[in-house]
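Residue-level structural notes
Here are the chains, one letter per residue:
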Amino acid sequence: MGQKINPLGFRLGTTHQSHHSFWFAQPKNFSRGLREDEKIRNCIKKYVQKNKRTSSGFEGIARIEIKKRIDLIQVIIYIGFPNLLIEGRTRGIEELQMNVQKEFHSLNRRLNIAITRVEKPYGQPNILAEYIALQLKSRVSFRKAMKKAIELTEQTDTKGIQVQIAGRIDGKEIARVEWIREGRVPLQTIRAKIDHCSCTIRTIYGLLGIKIWIFVDED
């Protein structure tokens, strides 16, 4: 039987990928640190959703990395389309910092937020999943949305991609899983660098799950 495992956790230490959160805690404080990370990420996503320039509903956040020290929490936002966010506004990052600080009431630690632009946004699984989610919410056929996402990825020199959608697709009574693959996606090869994301979207028929695997390179 194939056991399901997150491709990032499976390859840590072999490929040059690293954790998205980097901090140490006593076992009894671990759950609190985990909840704090979740709060920071949700707060940033809410802020971006509220203050973005366009009305397309597209956030364009590739990933959010969090590094914690005793007196500092450093947050790096990797973003695909900076014009959607706050690069044009000088007060944007300060405002976001204040919002996040207010959310989790940490008095003894400073918060530092930096924004980094991702060169090839459509090579990032989170951005692709967001694109597919918007298409499905607009009642576009799921096969058309998946094929369009794969076309966008082909421009970014990736070696392979697999997209999977599960749930009540197209409002059918019985839930099912549909997937499509282009190129190679060697999930069993540990030295293969694979980016992965899974997200849930709410449609009028119920929840749908989207999973994306992108084969970037082989070490």
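Residues numbered from 1 in each chain as written. Predicted model: local features only at pLDDT ≥ 70, side-chain atom pairs only at ≥ 80, totals over all residues. Heavy atoms only, no water.

The name an unreviewed UniProt entry gives the protein is Small ribosomal subunit protein uS3c, with Veratrum oxysepalum as the organism. Taken verbatim from the UniProt record of the protein, the Sequence similarities (unreviewed entry) comment is "Belongs to the universal ribosomal protein uS3 family." Reading the Subcellular location (unreviewed entry) entry of the UniProt record for the protein gives the comment "Plastid, Chloroplast". (UniProt positions renumbered as here; feature names shortened; annotations may be inferred.)

1. Points about a nonpolar patch on the surface
Side chains of Ile5, Phe10 and Ile190 sit close together on the surface and give an oily, nonpolar patch of about 250 Å² of accessible area. Assignment of secondary structure puts isoleucine 5 in the segment before helix H1 (7-11). With relative accessibility at 52%, the residue isoleucine 5 sits in the exposed group. (Patch = residues over 30% accessible without salt bridge, like charges linked within 9 Å, V, L, I, M, F, W, Y side chains within 5 Å. Areas by Shrake-Rupley, 256 points an atom, 1.4 Å probe, with all protein chains shown as cover. Salt bridge = Lys/Arg side-chain N within 4 Å of Asp/Glu carboxyl O. Helix = DSSP H or I, 4+ residues; strand = E, 2+ residues; numbered from the N terminus. Buried < 20%, exposed > 50% of the residue type's maximum accessible area, 1.4 Å probe, protein only.)

2. A short note on the packing of helix H4 (residues 125-137) against helix H5 (residues 142-154)
Remark: H4 packs on H5, axes separated minimally by 9 Å, with the N-to-C direction vectors making an angle of 150 degrees. Taken together, the axis directions place H4 and H5 in an arrangement best described as roughly antiparallel. In this structure, the crossing between H4 and H5 has a hand that is right-handed. Between H4 and H5, the residues in contact are Leu128, Tyr131, Ile132, Gln135 and Leu136 and Phe142, Ala145, Lys148, Ala149, Leu152 and Thr153, respectively. Broken down by class, the residue content of the contact of H4 with H5 amounts to 8 nonpolar, 2 polar and 1 charged. (Axes fitted to C-alpha atoms, helices over the stretch in contact; angles between N-to-C directions. Parallel < 35°, antiparallel > 145°, perpendicular 65-115°, else oblique. Left-handed = near helix turned anticlockwise from the far one by under 90°. Contact = heavy atoms within 4.5 Å. Nonpolar A, V, L, I, M, F, W, Y, C, P; charged D, E, K, R; others polar.)

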